[in-house]
Amino acid sequence: MTQNSQGTTARPKLDDEAFEAFIRARRPASPIWSMSGLDGYLTALIIGPRFIDPRQWIPELTGPEALNLPMETTERRAVQTIVAEYNRISASLAETPKDYRPRFTRIDDLTFDAMDWDVCFLIGTGFAPKLWRPVIRGHAVTGDIIAPIRKLSETKGPATHEDAGAVGEALVNIRSYFMPKRAKQKF
């Protein structure tokens, strides 16, 4: 999905506040509603069992016309915001997996609200539910590698840096589990 290689210029995108305002105002409603939610949703797509063509899911987030509109439009800038986040997450997981942390909504310096991220991550798994099943439900091969993510939805209080670290490690493990399947995928 990388659109920023050597010799090309950065395409205009929306800042976080403008993207969230766009996504919340969109009708029909988008399955995500925040930058944290976008991070969770995209992370599920990136680490999942197979590549999902962006033409399948970007229109759900931005509207069916957004991919064909001029670069100056808010819709197209929203698309570029999504592409930039997709590339950031993908590169981070590939290049520095031990340092990867999900983008939870910050409450203060020590705590986070992980609900948007968690819900939207689970929505993102919906593109290949049967293939995600061994990870979501646990399996002899996978064990319970999704446990730190499940814990987010079960915990009533805010998430901590330790929670973010545990989720980051789980995401790297899930990505490693699915990578052989993704590598064999034919297009």
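Residues numbered from 1 in each chain as written. Predicted model: local features only at pLDDT ≥ 70, side-chain atom pairs only at ≥ 80, totals over all residues. Heavy atoms only, no water.

**Notes on the overall build of the protein chain**
Next up, step 1: If you tally the helices and strands in the protein chain, you get eight helices and three strands.
Next up, step 2: Reading the secondary structure of the protein chain in the N-to-C direction produces α-α-α-α-β-β-α-α-α-β-α.
Next up, step 3: Relative to the globule expectation of 16 Å for 187 residues, the C-alpha radius of gyration of the protein chain, 16 Å, shows essentially globular dimensions.
Next up, step 4: With the principal axes as the frame, the protein chain shows a C-alpha extent of 50 × 45 × 35 Å.
Next up, step 5: The buried share among the 187 residues of the protein chain stands at 42%.
Next up, step 6: The long-range fraction of contacts in the protein chain, counting pairs at least 24 apart against all pairs at least 6 apart in sequence, stands at 69%.
Next up, step 7: Of the accessible surface of the protein chain, which amounts to about 10,100 Å², a share of 54% is contributed by carbon and sulfur atoms. (Helix = DSSP H or I, 4+ residues; strand = E, 2+ residues; numbered from the N terminus. Rg over C-alpha atoms; globule rule 2.2 N^0.38 Å. Buried < 20%, exposed > 50% of the residue type's maximum accessible area, 1.4 Å probe, protein only. Contact = heavy atoms within 4.5 Å. Areas by Shrake-Rupley, 256 points an atom, 1.4 Å probe, with all protein chains shown as cover.)

**Focus on the environment of N87**
Next up, step 1: Its location among the elements puts N87 in helix α4 (residues 74-95).
Next up, step 2: For N87, a relative accessible area of 19% puts it in the buried group.
Next up, step 3: Separated by 41 residues in the primary sequence, N87 and I46 have C-alpha atoms spaced 9.4 Å apart.

**Structural notes on the pattern of salt bridges**
Where side chains of opposite charge bring their charged atoms close, a pairing between them can arise.
Next up, step 1: Going through the model one piece at a time under the given rule, you end up with seven salt bridges.
Next up, step 2: Here E85 makes a salt bridge to R88, at a shortest N to O gap of 3.0 Å. One end of the pair, E85, and the other, R88, are both in helix α4, three residues apart, so they sit about a helical turn from each other.
Next up, step 3: Owing to a relative accessible area of 7%, E85 belongs among the buried residues under this scheme.
Next up, step 4: Here K151 ties to D163 by a salt bridge, and the two come within 3.2 Å at their closest N and O atoms. A residue pair is termed long-range when its members are at least 10 positions apart, and K151 in helix α7 (residues 147-154) and D163 in helix α8 (residues 161-184) qualify at 12 residues.
Next up, step 5: Here K151 falls in the partly exposed class, since its relative accessible area comes to 44%.
Next up, step 6: Taken together, the salt bridges that share partners define one network made up of D16, D39, E85, R88 and R103. (Salt bridge = Lys/Arg side-chain N within 4 Å of Asp/Glu carboxyl O.)

**Points about the sheet that holds strand β1 (residues 105-106)**
Strand-to-strand pairing in sheets goes through backbone hydrogen bonds, with the strands running parallel or antiparallel.
Next up, step 1: Pairing in this open sheet of three strands is antiparallel, and the strands run β1-β2-β3 from one edge to the other. The two strands at the open ends of the sheet, each matched to only one other strand, are β1 and β3 (159-160).
Next up, step 2: Pairing of strand β2 (residues 111-113) with β3, which is carried by two bridges, proceeds in the antiparallel orientation. What sits directly across from T111, in β3, is T160. (Pairing = 2+ DSSP bridges.)

Note that all results are geometric; they support no functional claim without further evidence.
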